[in-house]
Amino acid sequence: MNSIVELDVHLSFSKNRKIATSYRDQQLYDTFLLSCSLLITARDNSKNLKFMDESQKALISHVLRLTKNCLSFDFIGSSTDESADDMNNVQIPTAWRPAFLDLNTLKLFFDLYQILPNGLASYSISCLVQMTSVRRSLFSNTERTKFLTHLVEGVRNILTNLHGLSDPDNYHEFCRLLARLKSNYQLGELIAVPCYPEAIQLIAKFTVQSLHLWLFAPNSVHYLLTLWQRMVASVPYVKSPDPHLLGTYTPEVIKAYIESRLDAVPLIVRDNLEDPLDDLCMVQQQLEQLSVIERCEYNKTCSLLVQHFDQKAREYENLVQTPNANPIDITVHELQLTWLVYIIGSAIVGRLSVTTSDEHDTMDGELVIRVLQLMSLTDARLPQAGCEKLELAMLSFLDQVRKMHSSEQAQKANVYKRLTEVFGLSDEQMLLSFINRKIITNLKFWGRSEQIITKTLMLLSDLSVHFNSVRKLARLDEVQFMLTHHTSEHFPFLGTNSSLSEMRCRTMFYTSLGRLLMFDLGEDEERFYNFLTPLTNQFENLGTVLMDANSFPNDEAKKAVIGLARDLRGLALPLNARIQYTMLFEWLYYTDYLPILLRAVDLWAHDPAVTTPVLKLFAELVHCRTQRLAGNVSSPMGILLFREASKLICIYGNRILQLEVPRDRLYPMKLKGIAICFLILKNSLGGNYVNCGVFKLYGDDTLDSVLNIVAKLILSIQQNDLLEYPKLSSAYYNLLNCLSQDHVTYLAALEPCAFVYILESLTKGLAALDSAIYISCCTILDSIVSYIFKQLQLKVSTFPNKKLRSLTQENEKFLKVVEINSELLQSMMSSLLNNVLAEDCRNQWSMSRPLLVLILLYEDFYRSLKESIICGQPVEKQHTMAQWFDDLMLGIERNVSSKNKEKFTQNLSTFRRDVVNLPKTMAYSTENSYQAYTETNYSISV
């Protein structure tokens, strides 16, 4: 019953919820009481239970699972992700209060845990986890205190004898139970429990032991750290006179975490065990929790970190200076320092969530200088050797430093006092200079590591994303060096020897450089073209190879194309001002560099490694971001750019249509490129910088050619693939939306098969679960049927001047196609009307617009649907329903003006409200009515 949405996809979500809610209200509590009574019987007769008997064991297992599922029921229909339920409250209904006020219910599961064997006992803890999470409003303050007291006492008893915790499942569920204690109860409430001092001591001891046993159930550590994180975060809000004792025990937890990570490294290296540092997501999650815990008794945390760091750094320095040192010993120390650098980074960023003092600033400064000193040591070794994991930790640390110094609080910090003494870094500007020197070093020496290059460029991107930061960065010598030396000689990852995966970093690099360059560029063309010199040289060399009909391009030329496309796309992204964007376009167009890219697509159309970057580059170039392509009426830039983009789509489209692709490679080899072509055309036409009427006026077939090839590309896609690939469906429907708004005459002039394909795709889109697609389909359908309606009006128009208002021959054919395929439009009207009658009606405003026009087009069909719905009601309700349908069209005129549509939307809102409130004895579905009615195949009403 809880998973009915998955079991019956034919029911709407609201219908599913109605069934589940009805079951909750009528049966679930009784089911829970029954399962509890069976468990009580099992507990009271535990001596007679034979767990070696598989049938008895299975029975107990099923009853425990039944109880757990009752407590895990989605009571209010809010749970959409089972993996994210660990900190959610359980919305137990008020009717269940007696079961929870009876403390014997709680005792039952603690008792079962003590008597059940491993494999079953974890289910009883799972039930306790859910009971711990019941909503606070289920109890009064007194009742909640009583419930919590018994809960904590039960936890204390388990921790006292550690019964069953050697079993991984029991251990994991018990850790979840501890985390729920703080997620649902305030620290002040926990302190008020009489046995709190003993319980918190035992929890601390259990946490310390768990951290040292890092190989046993490592995924459970998350819950223990969550408990301590939440308790420490609550300290400022505690009003209880009783001590919370966290200052006594959190240093023990921090010490255990640090020492357990350090002690684990030699075992991992020498025995070749799985390294937790390989799971960076898990590491970052734990560090975020640790950053809060560390700030409790921060002086003790800093002293411990300084002690361990100084020892390991000194030993490491001696090792690297010793000839023929054991490589394993060096690796062990590098990985130990990796953990320490990560933990120090979490410690200093924790200051952002607390009030700091001068003493804490000084401590942070001590930690920072030690990592910077280590960084200087490892950088000096980079020409010979380096540790990738340690470098990643240092990048994480620098990112934490960036966060710390980007806050206003940090400007008042006393951190720079020690930095000045050791490194001469007296202010933020000098610290930024140091960070950028590290960025340059990594880009120079770590070209072989995609992970380090990516993280380094992310740091540069984060530094350059805000105006205030860019203003400071632009004045740095290190930044000016990057702006004038962005070549493969200085940054090897820019070379053609890089792997294809490493080349993806180039877009991010040039985006950051573009932001820094644009800050004070103004109209300085000379400086801009000097910046482009390395790219100019690459284009000149590439043009020599690609544009020579007698030469055969090699893999190096292919990689140059990929690199250039990524570089230029990255550079175009931040060029939001028209002046600077015009400089880039003129450099590309008037130096004949765009034909080189078109030639590359023609040569390697079968290779998405080449075509995808070039297509994405053009999608960015034609994007009128912040109106950078609009505003200058005397400039032909928009038209010239559109012509080049159209050539690209035609070249790629003609080649890809001839390509036979296996089904399992269809998306990467073909559909992805087609989706980007749709995006290019949509950005071009939707940017409003091209007057499309100019092409026909001057006999230019650019627009017709690109629209024709796009129609062929559309027809090459199977209908089922449209919704299977989200990026493809988004690009397709967005393009149709653009065409239907400003180029609906083109849609009307399509071949009948193409127009029918579009109607069929709209039918599928109206049944999609994605709201964005549904809204787009409604908008597209509204534009198409409104155009049809207007053309029909012209057909019967008595307008005196037929030259001004007459139906063209093309539109005569179009209306004939529409008439032949009326069933498709009628089915969409049925679908929209069915949506109105359904309880989970989505996007009412969007769907009301095409619904009105369809009603006006197919009045006979609408009348039949209406009558079938009315007849489907009980006799006493039919008159009321008929009146509501009459009111739906009250005040509606026979036109498709915005005013008329708005009136219909208001009527529809009232109609839907009345229908939803009407007690239902029969379904409102129009599907049966549609199937019966279409046999008569009514044509459009005029």
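Sequence order as written defines residue numbering, which begins from 1 separately in each chain. Local features in a predicted model are, by the rule used here, given only for residues with pLDDT of at least 70; side-chain atom pairs are given and counted only at 80 or more, and totals for whole chains, interfaces and linings are based on all residues. Hydrogen atoms and water are omitted, and side-chain values are computed over all heavy atoms in the structure.

**What about the overall build of the protein?**
Looking only at helices and strands, the protein features 47 helices and zero strands. For the protein, the C-alpha atoms occupy an extent of roughly 95 × 85 × 50 Å along the three principal directions. Each residue gets one of three labels from its accessible area relative to the maximum for its type: buried under 20%, exposed over 50%, partly exposed in between, using a 1.4 Å probe on protein chains only. Here the protein holds 942 residues, and the buried ones make up 53% of them. For the protein, restricting intrachain contacts to residue pairs at least 6 apart in sequence, the fraction spanning at least 24 positions comes to 78%. Residue exposure ignores everything except the shown protein chains as possible cover, and the areas themselves are Shrake-Rupley values with a 1.4 Å probe. If you sum the accessible surface of the protein, you get close to 42,400 Å²; carbon and sulfur atoms cover 51% of it. His is not counted, nor are the chain ends, whereas Lys and Arg count as positive and Asp and Glu as negative. Here the site of a charge means atom NZ of a Lys, CZ of an Arg, CG of an Asp or CD of a Glu. With 91 positive and 102 negative side-chain charges, the protein shows a spacing of 4 Å between the two charge centroids. Working definition: helices are DSSP H or I runs of at least four residues, strands are E runs of at least two. Numbering for both runs from the N terminus. Residue contacts are defined here by distance: any two heavy atoms, one from each residue, within 4.5 Å place the two residues in contact.

**Things to note about helix α10 (residues 196-212)**
Residue count minus one, scaled by 1.5 Å, sets the expected span of a helix. Across its 17 residues, α10 extends 24 Å between first and last C-alpha, which sits within 8% of the 24 Å expected from 1.5 Å per residue. Taken as a whole, α10 has its buried residues at Tyr 196, Ala 199, Ile 200, Leu 202, Ile 203, Ala 204, Phe 206, Thr 207, Ser 210 and Leu 211.

**Considerations on the packing of helix α40 (residues 771-795) against helix α42 (residues 822-837)**
Between α40 and α42, whose axes approach to 13 Å, the crossing angle comes to 130 degrees. With respect to their mutual orientation, α40 and α42 come out oblique. Along this stretch, α40 crosses α42, giving a crossing that reads as left-handed. Residue-level inspection shows Tyr 774, Cys 778, Leu 781, Val 785 and Ile 788 of α40 in contact with α42, the latter providing Leu 825, Met 828, Leu 832 and Asn 835. Residues of the contact of α40 with α42, tallied by class, amount to eight nonpolar, one polar and no charged. Angular values range over 0 to 180 degrees, each being the angle between N-to-C directions of two axes fitted as lines to C-alpha atoms, with helices fitted over their stretch in contact. Roughly parallel means an angle under 35 degrees; roughly antiparallel, over 145; roughly perpendicular, 65 to 115; everything else is oblique. When the near helix sits turned anticlockwise from the far one by under a right angle, the crossing is termed left-handed; a clockwise turn instead gives a right-handed crossing. Nonpolar residues are Ala, Val, Leu, Ile, Met, Phe, Trp, Tyr, Cys and Pro. Charged residues are Asp, Glu, Lys and Arg, and all others, Gly as well, are polar.

**A few points about empty space enclosed by the protein**
With a 1 Å grid spanning the protein atoms alone, the term cavity applies to any set of points in which a 1.4 Å probe fits but cannot get out, the term pocket to an open set with protein on both sides within 12 Å along at least five of seven lines, and the term lining residue to any residue with an atom within 4 Å of a point. Grid points are joined across faces, edges and corners, and a volume is the space filled by probe spheres set on the points. This model, assessed by the stated rule, comprises four cavities of 30 Å³ or more. By volume, the largest cavity amounts to about 90 Å³. Lining the largest cavity are Val 152, Leu 181, Leu 190, Tyr 196, Ala 199, Ile 200, Ile 203, Leu 227 and Met 231. No other element matches α10, which puts four residues into the lining of the largest cavity. Looking at side-chain class alone, the lining of the largest cavity contains nine nonpolar, no polar and no charged residues.

**Digging into the side chain of Gln 130**
Here Gln 130 is to be found in helix α6 (residues 121-132). Any pair of nitrogen or oxygen atoms within 3.5 Å is treated as a polar contact; in protein, a donor-acceptor pairing is required on top of that, and neighbouring residues in sequence qualify only through side-chain atoms on both sides. Here Leu 71 takes part through its backbone oxygen, which lies 3.4 Å from a polar atom of the side chain of Gln 130. Discounting residues that sit within four places of it in the chain, Gln 130 has contacts with Leu 71, Ser 72, Val 90, Arg 176 and Arg 180.

**Things to note about the pattern of salt bridges**
Each reported salt bridge corresponds to a side-chain nitrogen of Lys or Arg within 4 Å of a carboxyl oxygen of Asp or Glu. Using the criterion set out here, one finds 37 salt bridges in the structure. Residue Asp 278 is joined to Lys 389 by a salt bridge in which the shortest nitrogen-to-oxygen separation is 2.9 Å. Note that Asp 278 is positioned in the loop between α12 (246-271) and α13 (280-293) and Lys 389 in helix α17 (residues 388-406), a separation of 111 residues in sequence. The exposure class of Asp 278 is exposed, given its relative accessible area of 53%. For Lys 389, a relative accessible area of 24% corresponds to the partly exposed category. Because the salt bridges share partners, they merge into one network encompassing Arg 43, Asp 44, Lys 107 and Asp 111.

**Overview of the packing of aromatic side chains**
Pairing of aromatic rings covers Phe, Tyr and Trp, the last counted by its six-membered ring, and requires centre-to-centre distances within 6.5 Å; plane angles under 30 degrees mean stacked, over 60 mean edge-to-face, and any other angle means tilted. Going through the model one piece at a time under the given rule, you end up with 32 aromatic pairs. Between Tyr 23 and Phe 73, the aromatic rings sit 6.2 Å apart at their centres with planes inclined by 40 degrees, giving tilted as the arrangement. Here the residue Tyr 23 occupies a position in helix α2 (residues 13-44), and Phe 73 occupies one in the loop between α3 (54-71) and α4 (97-101), the gap between them amounting to 50 residues. Of the aromatic side chains, those joined through ring pairs into one cluster are Tyr 23, Tyr 29, Phe 32, Phe 73, Phe 75, Trp 96 and Phe 100. By definition here, charges over rings are those cases where NZ of Lys or CZ of Arg is within 6 Å of the ring centre and within 35 degrees of the ring normal. When the ring centre of Tyr 257 is taken as origin, the NZ or CZ atom of Arg 261, which lies over that ring, is 4.7 Å away.

**Thoughts on the domain arrangement of the protein**
Where each domain begins and ends is defined by an automated method or by a domain database. Domain parsing of the protein yields domain 1 (20-76 + 88-244), domain 2 (246-426) and domain 3 (747-796 + 807-917). Taking only C-alpha atoms into account, the centre of domain 1 sits 54 Å from that of domain 3.

**Observations concerning the nonpolar core**
The biggest cluster of nonpolar side chains holds 320 residues, and the ones touching the most others in it are Phe 100, Phe 397, Phe 509 and Phe 678. Sorting elements by how many residues they give to this core places α40 first, with 13 residues. The residues contacting Phe 100, other than those within four sequence positions of it, are Leu 71, Ile 92, Met 131, Val 134, Leu 138, Phe 139 and Phe 147. We define a nonpolar core as any set of buried Ala, Val, Leu, Ile, Met, Phe, Trp, Tyr and Cys residues linked to one another through side-chain atoms lying within 4.5 Å.

**Remarks on unusual backbone geometry**
Positive phi values are uncommon outside glycine, yet Leu 162 reaches one of about 55 degrees. Inspection of the secondary structure puts Leu 162 in the loop between α7 (141-161) and α8 (168-184). Residue Leu 162 is classed as partly exposed on the basis of its relative accessible area of 39%. The backbone phi angle of Thr 626 is positive, close to 50 degrees, even though this residue is not glycine. Structurally, the position occupied by Thr 626 is in the loop between α31 (608-621) and α32 (637-657).

**Quick word on helix α25 (residues 505-518)**
For α25, with 14 residues, the first-to-last C-alpha span of 20 Å sits near the 20 Å given by 1.5 Å per residue. Residues of α25 that are buried: Cys 505, Arg 506, Thr 507, Phe 509, Tyr 510, Thr 511, Ser 512, Leu 513, Gly 514, Leu 516, Leu 517 and Met 518.

**Some words on a nonpolar patch on the surface**
Patch membership requires over 30% relative accessible area and the absence of a salt bridge. Like charges are linked within 9 Å, and nonpolar side chains (Val, Leu, Ile, Met, Phe, Trp, Tyr) within 5 Å. Taken together, Leu 215, Leu 267 and Leu 273 make up a surface patch of nonpolar side chains, about 270 Å² in accessible area. The residue Leu 215 is located in the loop between α10 and α11 (221-234) in this model.

**Observations concerning a negative patch on the surface**
Together, Glu 523, Asp 524, Glu 525, Glu 526 and Glu 586 line one region of the surface with negative charge. Turning to its location among the elements, Asp 524 is positioned in the loop between α25 and α26 (525-531).

**Thoughts on the packing of α42 against helix α43 (residues 844-857)**
The angle between the axes and the distance between the axes are what describe a pair of packed helices. One can describe the packing of α42 onto α43 by two numbers: an axis separation of 10 Å at closest approach and a directional angle of 130 degrees. With respect to their mutual orientation, α42 and α43 come out oblique. Between α42 and α43 lies a crossing of left-handed hand. Here Leu 825, Met 828, Met 829, Leu 832, Leu 833, Asn 835 and Val 836 of α42 come into contact with α43, specifically with Met 847, Pro 850, Leu 851, Leu 854 and Ile 855.

**Re the confidence of the model for the protein**
Within the protein, residue pLDDT values average 88, and 92% of them lie at 70 or more. Averaged pLDDT values for the elements of the protein fall to 47 in helix α47 (residues 927-933) and rise to 96 in α31. Within the model, pLDDT remains below 50 along residues 408-412, and this stretch shows nine contacts once partners closer than five positions in the same chain are excluded. Confidence of the prediction at every residue is given by pLDDT, a number between 0 and 100. Scored below 50 in pLDDT, residues 929-942 makes 33 contacts in the model with residues more than four places away or belonging to other chains.

**Observations regarding the environment of Trp 446**
Along the chain, Trp 446 falls in the loop between α20 (428-445) and α21 (450-463). When residues no more than four places from it in sequence are discounted, the contact partners of Trp 446 are Leu 382, Gly 386, Cys 387, Glu 388, Glu 391, Ile 452 and Ile 453.

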